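Structural overview
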Amino acid sequence: MTNQQMADKVRTGNGFIAALDQSGGSTPKALGLYGVEASAYSSDAEMFDMIHAMRARIVSSPSFTGERVVGAILFEMTMEREIGGKPSAKALWEDNGVVPFLKIDKGLEEIEHSVQMLKPIPGLDALLARAVQNGIFGTKERSVIQAANPRGIRALVQQQFQLGNQVLAAGLVPIIEPEVTISISDKAEAEQMLLEEITAALDTVPSGQQVMLKLTLPETANLYKSLCDDPRVMKVVALSGGYSRAEANERLSKNTGMIASFSRALTEGLSHGQSEADFDATLDATIGEIHAASIAG
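All of the points below concern the structure found in this document. (Residues numbered from 1 in each chain as written. Predicted model: local features only at pLDDT ≥ 70, side-chain atom pairs only at ≥ 80, totals over all residues. Heavy atoms only, no water.)

What about the pairing of strand β10 (residues 233-239)?
- With seven of seven residues buried, β10 lies mostly within the body of the structure.
- Of the pairings in the sheet, the one linking strand β9 (residues 211-216) to β10 comprises six bridges and is parallel in character. Within the sheet, the bridge partner assigned to M212 lies in β10 and is K235.
- As judged from the three bridges shared by β10 and strand β11 (residues 258-262), these two strands associate in the parallel manner. Looking at the pairing, V236 lines up with M258 of β11. (Buried < 20%, exposed > 50% of the residue type's maximum accessible area, 1.4 Å probe, protein only. Helix = DSSP H or I, 4+ residues; strand = E, 2+ residues; numbered from the N terminus. Pairing = 2+ DSSP bridges.)

What follows is the structure, encoded as structure tokens:
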């Protein structure tokens, strides 16, 4: 019953997905933007304590509710910690009405054929089982496209859908994330190739099942509208990809059916040193802007 309620929330919820899944490589930068310098911690354990405190502060804000935030993507360590005295995923759903997802990828391979494939994920079956036990609804897995290379894009999409089908078999819904780097000169061409490969790969999704897609905001508005309308796709969400929040929101508002799944653009403007009132006011305004862009199309 809970899974069905979560699925309904994702399909029809009037909001966006918060990406709170910064991992080992991206955590120092995220903390730096939050006003926590590297000198403030002396070990990875202290660093992860600080990023968890930041995430818990966001989730505990009165503005972070299911009315505007449909879901949240968690890092593995976050799933295994508590927020407000409850396991993080349960706190999100039971206290906030926000659907919990889990980042499962272990980073990227080196560039080959202009793409960065997913690294192997050791212990994946055990991780997926733990996710189910913790009340997680779905997963997220990111790989990256660096140029409009048809061979590389096809291989990347095939790898993503193979993993996605493994996630589905475990009882979870995968967010398939083939990011297109926003600075490449042939971004529009890469996105057209990606659309064609995803459309073909959707034929591998088992009957009656659905996946989600997390895609870079496209150069051509509504390029991915056919994916938004495909019955095998639960939701198409957009990553900010390095665009400022203002530009990401502007681009998103032109894409019907896509909602945001922002990370850096969500935390932009938040600071460790802010008072609770200032922090909550800043986050409330940010959530309002991203929510408005998510429903504008």
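A short note on the packing of aromatic side chains
- All told, the structure shown has two aromatic pairs when counted by the stated rule.
- On the basis of an interplanar angle of 25 degrees and a centroid distance of 5.8 Å, the ring pair of F48 and F75 is categorised as stacked. Taken together, the residues F48 in helix α3 (residues 44-60) and F75 in the loop between β2 (69-74) and α4 (76-79) connect sequence positions 27 residues apart. Note on accessibility: F48 and F75 belong to one class, buried.
- When the centroid spacing of 5.7 Å and the interplanar angle of 90 degrees are considered together, the rings of F101 and F137 count as edge-to-face. Highlighted residues: F101 in strand β5 (residues 99-103) and F137 in the loop between α6 (124-133) and β7 (138-145), separated in sequence by 36 residues.
- Sitting above the plane of the F279 ring, R57 keeps its charged end 4.0 Å from the centroid. (Phe/Tyr/Trp six-rings, centres within 6.5 Å; stacked < 30°, edge-to-face > 60°. Lys NZ or Arg CZ within 6 Å of the ring centre and 35° of its normal.)

Section: α6
- Of the positions making up α6, those classed as buried are L124, L127, L128 and A131. The buried residues of α6 all sit within an arc of 100 degrees when viewed along its axis, so they share a single face. For α6, exposure combined with an orientation more than 90 degrees from the buried face picks out D125 and Q133.
- For α6, the secondary structure elements touched by its buried residues are α4, β5, β7 and α7 (150-169). (Arc of directions from axis to C-beta. Contact = heavy atoms within 4.5 Å.)

Digging into the pattern of salt bridges
- According to the stated counting rule, one finds 24 salt bridges in the structure shown.
- K140 serves as the salt-bridge partner of D21, at 2.9 Å between the closest nitrogen and oxygen. Taken as a pair, D21 in the loop between β1 (16-20) and α2 (27-33) and K140 in strand β7 lie far apart in primary sequence, 119 residues in all. Here D21 matches K140 in class, with each residue buried.
- The shortest N-O distance in the salt bridge between D230 and R232 comes to 2.9 Å. (Salt bridge = Lys/Arg side-chain N within 4 Å of Asp/Glu carboxyl O.)

In short, geometric facts, not functional conclusions.
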